[in-house]
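Report on the structure
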Amino acid sequence: MRARKYTKKISHYRVGGTKVSDGFSGFVYSDALLGSVWANLKTMSGMKYSSTEFADIDMANTIKVTIRHNPNRSIDYKNDYFVYRNEKYFLRDIPVNTDFNNTEVTFLMTKEN
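What counts and how
Residues numbered from 1 in each chain as written. Predicted model: local features only at pLDDT ≥ 70, side-chain atom pairs only at ≥ 80, totals over all residues. Heavy atoms only, no water. Helix = DSSP H or I, 4+ residues; strand = E, 2+ residues; numbered from the N terminus. Areas by Shrake-Rupley, 256 points an atom, 1.4 Å probe, with all protein chains shown as cover. Buried < 20%, exposed > 50% of the residue type's maximum accessible area, 1.4 Å probe, protein only. Polar contact = N/O pair within 3.5 Å; in protein donor to acceptor, adjacent residues only side chain to side chain. Contact = heavy atoms within 4.5 Å. Salt bridge = Lys/Arg side-chain N within 4 Å of Asp/Glu carboxyl O. Phe/Tyr/Trp six-rings, centres within 6.5 Å; stacked < 30°, edge-to-face > 60°.

Focus: the overall build of the chain
On a plain count of helices and strands, the chain comes out with zero helices and nine strands. Listing each helix as α and each strand as β along the chain from the N terminus yields β-β-β-β-β-β-β-β-β. Approximately 7800 Å² of the chain is accessible, and the part contributed by carbon and sulfur atoms is 49%.

Have a look at this one:
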């Protein structure tokens, strides 16, 4: 594994992950920063990705992300998002353990409109 492969820092958030006071003796849930990770980002603009045998998905504003596997980090497909350059990106697919050797995790994320 090359250290220079991961050159972009992205922040990992979970929707509704933190309970905070609303100032009126109640509570609201806000997004929680779970941490920042170094990643390898590859743009997928202009490409097509066949998710099923019936349809192709347009890959505009989509990024392929590769990060180091960390058994202490859980990525929730439905409730997590990442921030890169002040843009919010949501997961498009379930993170996959690359080559099944527990060194890298790869997933796609799409920029919020």
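Continuing now.
What to know about unusual backbone geometry
The phi angle at Ser25 is positive, at roughly 60°, despite the residue not being glycine. Positionally, Ser25 belongs in the loop between β1 (8-21) and β2 (27-43). Even without glycine at this site, Asn86 takes up a positive phi of about 60°. The exposed category is assigned to Asn86, whose relative accessible area is 78%.

Focus: the side chain of Glu104
Relative to the elements of secondary structure, Glu104 occurs in strand β9 (residues 104-111). At 2.6 Å, the side chain of Glu104 forms a polar contact with the side chain of Tyr6. In contact with Glu104, not counting residues within four places along its chain, are Lys5, Tyr6, Thr66, Ile67, Arg68, His69, Val96, Asn97 and Thr98.

Here we look at the pattern of salt bridges
Side-chain pairs of opposite charge can arise where the charged atoms are in close proximity. According to the stated counting rule, one finds two salt bridges in the structure shown. Here Lys5 ties to Glu104 by a salt bridge, and the two come within 2.6 Å at their closest N and O atoms. On the criterion of sequence distance, the pair formed by Lys5 in the segment before β1 and Glu104 in strand β9 is long-range, its members being 99 residues apart. Looking at Lys5, the relative accessible area reads 27%, which means it is partly exposed.

With respect to the packing of aromatic side chains
Counted under the stated rule, the structure contains three aromatic pairs. Plain terms: the ring middles of Tyr81 and Phe90 are 5.5 Å apart, the flat faces sit at 50° to each other, and that makes the pair tilted. In this structure Phe90 comes out as partly exposed when scored by relative accessible area, which is 31%. Ring geometry for Phe82 versus Phe107: centroids 5.3 Å apart, planes at 25°, classification stacked.

Any link to function would need more than the numbers given here.
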